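# Coordinate analysis (summary)
One-letter residues, chain by chain:
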Amino acid sequence: MKQDSQNVTDYTNNNTIFMVWNFKDNSEVRSVFNQLCKLVINLNNSVNVRFPVSRASCVMGIGYDAWHQLNLPLPLPRELANFVPITGEKHTAISSKGDLHFHIRADNTSICYDMAAAITNILEPVATSVEEIHGFRYWDSRSILGFVDGTENPQGQDREFFSMIGEDDAVYKGGSYLFVQKYIHNLSSWKALSTEEQEKVIGRYKSNDVEMPDDVKPANAHIALANVGDDFKIVRDNMPFGNISTNEMGTYFIAYASTFSTVEKMLNNMFIGSPAGNYDRILDFSTPKTGSLFFVPTFNMLDELSSD
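Residues numbered from 1 in each chain as written. Predicted model: local features only at pLDDT ≥ 70, side-chain atom pairs only at ≥ 80, totals over all residues. Heavy atoms only, no water.

## What to know about the environment of Ala-118
Formally: Going along the chain from the N terminus, every DSSP run of H or I of four or more residues is numbered as a helix, and every run of E of two or more is numbered as a strand. Whether two residues touch is decided by their heavy atoms; if any such pair falls within 4.5 Å, the residues are in contact.
Considering the arrangement of structural elements, one finds Ala-118 in helix α3 (residues 109–123). Through-space distance from the C-alpha of Ala-118 to that of Asn-82 is 27 Å; in sequence the pair is 36 residues apart. Sequence-distant contacts of Ala-118, defined by excluding residues within four places in its chain, comprise Leu-39 and Leu-43.

## Here we look at the state of the cysteines
In protein structure, a disulfide is the covalent linkage between the sulfur atoms of two cysteines. Going by this rule: Any cysteine sulfur atom paired with another within 2.5 Å is treated as part of a disulfide. Residue burial is assigned from relative accessible area. The probe radius is 1.4 Å, only protein chains are included, and a residue is buried under 20% of its type maximum, exposed over 50%, and partly exposed in between.
Scanning the model with the defined rule gives 0 disulfides in all. Summary of cysteine pairing: Cys-37 is not part of a disulfide, and the nearest cysteine sulfur, belonging to Cys-58, is at 11 Å. A residue is classified by how much of its surface remains accessible, and Cys-37, at 0% relative accessible area, is buried. Not engaged in a disulfide, the cysteine Cys-112 finds its nearest cysteine sulfur in Cys-58; these two sulfurs lie 9.7 Å apart.

## Notes on the packing of aromatic side chains
The cut-off we apply is this: Two rings from Phe, Tyr or Trp (for Trp, the six-membered ring) form a pair when their centres are within 6.5 Å of each other. A pair whose planes differ by under 30 degrees is stacked, one over 60 is edge-to-face, and the rest are tilted. In this analysis the charged atom, NZ for Lys or CZ for Arg, is taken to sit over a ring once it is within 6 Å of the ring centre and within 35 degrees of the ring normal.
In this structure the tally under the stated criterion is 13 aromatic pairs. Between Phe-136 and Tyr-138, the ring centres sit 6.3 Å apart and the planes meet at 90 degrees, which makes this aromatic pair edge-to-face. The exposure class of Phe-136 is partly exposed, given its relative accessible area of 28%. Under the relative-accessibility criterion, Tyr-138 is labelled partly exposed at 29%. Measuring from centroid to centroid gives 6.0 Å for Tyr-177 and Phe-295, while their planes differ by 65 degrees, and the two rings are edge-to-face. Residue Tyr-177 is found in strand β7 (residues 176–185), and its partner Phe-295 is found in strand β12 (residues 292–296); the two are separated by 118 residues along the sequence. Above the face of the Tyr-11 ring, Arg-159 is positioned so that its terminal group lies 3.9 Å from the ring centre. Across the ring face of Phe-232, the terminal group of Lys-265 is positioned such that the distance to the ring centre comes to 4.8 Å.

## Some remarks on the pairing of strand β1 (residues 15–23)
Two faces make up the sheet, and in a regular strand the side chains alternate between them. Condition: Any two strands are treated as partners once DSSP identifies two or more bridges connecting them.
With 9 of 9 residues buried, β1 is to be regarded as a mostly interior element. The two faces of β1 match: Asn-15, Ile-17, Met-19, Trp-21 and Phe-23 on one face and Thr-16, Phe-18, Val-20 and Asn-22 on the other face are all buried. As paired elements, β1 and strand β6 (residues 127–136) share 9 bridges and run antiparallel to each other. By the bridge assignment for β6, Trp-21 is matched with Ser-129.

Here it is as structure tokens:
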């Protein structure tokens, strides 16, 4: 049976709502979860028919604790676990609880709003929203730091290869690992740097998005450490967000991957360093406030779970 994957390979859209929900203690969640699986399928079918050019979609991920609470099939996807914090000499990739994650996107903000509202109506009796981030496309896909984000993303058919589980875990073929972190930027410190110094932190030239030559790029530049080789890639769909008046501006890092171990390699390089101590200098200006791992089932699996 062909596996119909959720929309993890879609390209970055103009508007996004990220939502993380945690189940309440002692709540009867399975019947609500069954309804939710039907809703996610329906939302995606509906927007494809009603707004075919909006590139709208809703992707749902399930966390490790939720998988057990819902009594979902065993064995689990091989690499699904609670994210373990990664601690370097100076910075830590923290872990935060997340039972369900929703990645809602569309060209039109109204579509995102309605999908988020429909999900909330079903979940509110049994779960609590612990994160809701409204992301937006900033100019030519730049982060609030001013540099283009996602240049190293795989393109075309490579997106499916690097974002979806293959035959090595055949039961969950077509599914994906989803890892997210909410970063808050210290913009005052960042803006105090000259453009040349900012470029050394990132490893790219700011205006044209061209990567620095290896003999110029610092060993602790972001792209020198976050990129772990052509055989180990992920599909990022990061989005900037923020509140200007409170100066709480950030980036929601979101990665779809065929193996979570690829994401771990990147995080180890960034937070511990390669070699140890040579950590990613972007972390001096960007602090992770969350860190959660989820599994994204195929639509086929969601359909099966909706009738269990």
